[in-house]
Amino acid sequence: MVKKCSKCNKPSITFIRYNGTHLCKEHFIEYFERRVKKELKKQGKTRSGSGIGVALSGGKDSTVTLFMLKKIFSNRKDVNIFAISVDEGIRGYRDKSLRVARENCEKLGVEYHVISFKETIGYTLDEIVSKNRDLGECTYCGVFRRFCLNKKAKELNLDKIATGHNLDDFSQSILMNFVNGDLEKLVRLGPHVKVQPGLIPRILPLRVIPEKEVTLYAIINNIKFYDGICPYSIHAVRGEFRDILDELEYINPGTRHSLVRSYDGIKDFLVQKFPPAKLNKCQVCGEPTSQNVCKTCELLQRLK
């Protein structure tokens, strides 16, 4: 039997388990976009003359983020949207996703920029893996990718960087930091309220949207995205936390949302206990760091 939309008599295309509603195509799109707009407002006012950069990988999450920001600010000529892709240098993976990213930017009329590990750091990720794997690929990639994004955003004089982190990603990060007892890292999760000198703050428009809903939104809106999997992701610890949360969500729908609400409820207290560190200029590259030498230069020294 075909289920009907909880809001009208049209056929349902999805069942939202955590609130018990069936939604047709039109009402699902409305439900999706309303939450993104609400979350975006919650994360801070977008002032006139703002430049927002979208960290665009070409995958579904970052592509939908770009699509939504372009749609939300389409009537505001005083807000400019840019797309920034980081080319880590992963042969057979990143080159394919960048082609999709460029196509979407051309279609949406968004100014597109690419910054590469090779030109900025001196090595591709493939070269790093073949040279030194003592800390794991994801450690090097995460640090260097953040460095590249911040560097390009500063060059473009942007006010914010929007990332495609969805509810699954964000709730996993919360759980990982709790399990590791790393409360200082937990408080640094975006969205960033306090602007640190030399660092472009992050916003997360899809922070409360489950991954499956992001995929469905992209499909029904004919948004082209690259669905390849990073060949190095199989070594990431995050996958274990994903499995744990998927199981908890199946048993108790709404678990991921509850984690995020709990985090939001204690974040102000965490900020008081762990205020933002005073930043210095890295003695090597001049970028902001709480130490004498930034993490990027520290890892580069390991490689050399």
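Each value, and the rule that gives it
- Residues numbered from 1 in each chain as written.
- Predicted model: local features only at pLDDT ≥ 70, side-chain atom pairs only at ≥ 80, totals over all residues.
- Heavy atoms only, no water.
- Helix = DSSP H or I, 4+ residues; strand = E, 2+ residues; numbered from the N terminus.
- Buried < 20%, exposed > 50% of the residue type's maximum accessible area, 1.4 Å probe, protein only.
- Contact = heavy atoms within 4.5 Å.
- 1 Å grid on protein atoms, 1.4 Å probe; cavity = no way out; pocket = protein on both sides within 12 Å on 5 of 7 lines; lining within 4 Å.
- Points joined across faces, edges and corners; volume = space filled by probe spheres on them.
- Nonpolar A, V, L, I, M, F, W, Y, C, P; charged D, E, K, R; others polar.
- Axes fitted to C-alpha atoms, helices over the stretch in contact; angles between N-to-C directions.
- Parallel < 35°, antiparallel > 145°, perpendicular 65-115°, else oblique.
- Phe/Tyr/Trp six-rings, centres within 6.5 Å; stacked < 30°, edge-to-face > 60°.
- Lys NZ or Arg CZ within 6 Å of the ring centre and 35° of its normal.
- Arc of directions from axis to C-beta.

**Q** Honestly, unusual backbone geometry in this entry has me stumped. Any pointers?
**A** Between glycine 190 and proline 191 the backbone carries a cis peptide bond, its omega angle lying at 0 degrees. Position of proline 191 relative to the elements: it lies in the loop between helix H8 (183–187) and strand S7 (202–203). Even without being glycine, asparagine 157 reaches a positive phi, approximately 60 degrees. Here asparagine 157 lies in the loop between helix H6 (137–155) and strand S6 (160–162). The exposure class assigned to asparagine 157 is exposed, which follows from its relative accessible area of 65%.

**Q** Please clarify how the side chain of arginine 94 should be interpreted in this entry.
**A** Its place among the elements puts arginine 94 in helix H3 (residues 94–108). If we ignore the near neighbours within four places in the chain, the residues touching arginine 94 are Ser57, Val86, Asp87 and Glu88.

**Q** What is the right way to read the layout of surface pockets from this model?
**A** Gaps between atoms show up when a probe of the same size as a water molecule is rolled over them. Taken as a whole, the second largest pocket holds about 390 Å³ of empty space. The set of elements that each furnish at least two residues to the lining of the second largest pocket consists of strand S1 (14–16), helix H9 (211–220) and helix H10 (238–251). Grouping the constituent residues of the lining of the second largest pocket by class yields 6 nonpolar, 1 polar and 9 charged.

**Q** Looking at this structure, how should I read the packing of helix H1 (residues 25–42) against helix H2 (residues 60–72)?
**A** The N-to-C vectors of H1 and H2 enclose an angle of 80 degrees; their axes lie 11 Å apart at closest approach. Classified by the angle between their axes, H1 and H2 sit roughly perpendicular to one another. Contacts from Phe32, Glu33, Val36, Lys37 and Leu40 of H1 reach H2 at Val64, Met68, Leu69, Lys71 and Ile72. Residue composition of the contact of H1 with H2, by class: 7 nonpolar, no polar and 3 charged.

**Q** Got a minute to help me understand the environment of lysine 131 in this structure?
**A** With respect to the helices and strands, lysine 131 occurs in helix H5 (residues 125–131). Each C-alpha atom, one on lysine 131 and one on leucine 56, is 27 Å from the other, the two residues being 75 residues apart in sequence. When sequence neighbours within four positions are dropped, the list of residues in contact with lysine 131 reads Tyr123 and Leu303.

**Q** What's the story with the packing of aromatic side chains in this structure? I'm lost.
**A** What describes a pair of aromatic rings is the distance from one ring centre to the other and the angle between the planes of the rings. Scanning all chains against the criterion turns up 7 aromatic pairs. Geometrically, the ring pair formed by phenylalanine 32 and tyrosine 217 is stacked, given 4.1 Å between the ring centres and 10 degrees between the ring planes. Linking phenylalanine 32 in helix H1 with tyrosine 217 in helix H9, this pair joins segments that are 185 residues apart in sequence. By the burial criterion, phenylalanine 32 is buried, and tyrosine 217 matches it. Geometrically, the ring pair formed by phenylalanine 170 and tyrosine 263 is edge-to-face, given 5.7 Å between the ring centres and 75 degrees between the ring planes. With a gap of 93 residues between them, phenylalanine 170 in helix H7 (residues 167–179) and tyrosine 263 in helix H11 (residues 255–273) connect regions that are remote in the sequence. Look at phenylalanine 170 and you get buried, because its relative accessible area is 3%. Taken together, Phe28, Phe32, Phe67 and Tyr217 form an aromatic cluster joined through their ring pairs. In this structure, arginine 35 packs its charged tip against the face of tyrosine 31, placed 3.7 Å from the ring centre.

**Q** Explanation requested: helix H12 (residues 295–303) in the structure shown.
**A** Owing to its 3.6 residues per turn, the α-helix aligns residues three or four sequence positions apart on the same side. The set of residues buried in H12 consists of Thr296, Cys297, Leu299, Leu300 and Leu303. All buried residues of H12 fall inside an arc of 160 degrees around its axis, so they share one side. Packing partners of the buried residues in H12 comprise H5 and H6.

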